[in-house]
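Each chain, written out:
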Amino acid sequence: PESSQYPSWRRKLDFLVESMLLRKTAAVVVTTPETREAFLSVFGEGLNQRIYVAPVAQFYSAEYDSIPSFLPHHFQISFTGMYDSTRQPYSFYDAAKVFQGGSNVRICVAGIIARTYSKYVHSRGLDSIVCHMGRLHRRETVQLQRDSHVLLSFGWPGGVQVPCKIYEYFAARRPILH
């Protein structure tokens, strides 16, 4: 419910608790510049040096348009992000076995990827087509997305939530295998 629907004593209590927490915290991370400004307007400029914006699902076309796309000669499928215990790549890796042996397909995986997945790739003999690139800087990530024929996404079970990665992939203007 909207906070204005709460009784005044509850709004005052919430403000006191939030103020106390914000005074003691080292940093506050929000997802939009508007949220940052709202925090500052309510809790004051004392928070200004400790509040940071970490955008989620906000991808500016200028960021992507400034990076030219050079599609490689091989067919490149890329994933940029992290695997999750609810969104694991095992089925995809098993399906990727059809590309083994003389195929002109490369699967690039960039991000913080647990060693378990690299071992799985190796155990399936997919080392020749799957490349774990590790964590990339933002510009390198965008470049990889722009230089791929297809971008790979693993959805949440049940389809209840759309991964933020989808919006980033939209900005890259590449087909998505989800």
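Here the structure is a predicted model, which means the values were calculated and not measured. (Residues numbered from 1 in each chain as written. Predicted model: local features only at pLDDT ≥ 70, side-chain atom pairs only at ≥ 80, totals over all residues. Heavy atoms only, no water.)

Trainee: Would you mind going over the pattern of salt bridges with me for this structure?
Mentor: Side chains that carry opposite charge are capable of pairing whenever their charged atoms lie near each other. Counted according to the given criterion, the structure contains 5 salt bridges. For the salt bridge of Arg 138 with Glu 168, the shortest nitrogen-to-oxygen distance reads 3.1 Å. With a gap of 30 residues between them, Arg 138 in helix H6 (residues 138-146) and Glu 168 in helix H7 (residues 165-172) connect regions that are remote in the sequence. A relative accessible area of 33% means that Arg 138 is categorised as partly exposed. Connected via shared salt-bridge partners are Arg 138, Lys 165 and Glu 168. (Salt bridge = Lys/Arg side-chain N within 4 Å of Asp/Glu carboxyl O. Helix = DSSP H or I, 4+ residues; strand = E, 2+ residues; numbered from the N terminus. Buried < 20%, exposed > 50% of the residue type's maximum accessible area, 1.4 Å probe, protein only.)

Trainee: What is the right way to look at the sheet that holds strand S6 (residues 150-152) in this model?
Mentor: Whenever strands of a sheet pair, they do so through backbone hydrogen bonds, lying parallel or antiparallel. Judged by pairing direction, the sheet is parallel, and its 5 strands sit side by side in the order S5-S4-S3-S6-S7 without closing on themselves. Each edge of the sheet is formed by a strand with only one pairing partner; in this case those strands are strand S5 (130-134) and strand S7 (176-177). In the sheet, S6 pairs with S7 via 2 bridges, with the strands oriented parallel. The partner of Leu 152 across the bridge, within S7, is Leu 177. Across the sheet, H6 lies against strand S3 (75-80), strand S4 (105-110), S5 and S6, angled at about 145° from S3, the strand it touches most. (Pairing = 2+ DSSP bridges. Contact = heavy atoms within 4.5 Å. Axes fitted to C-alpha atoms, helices over the stretch in contact; angles between N-to-C directions.)

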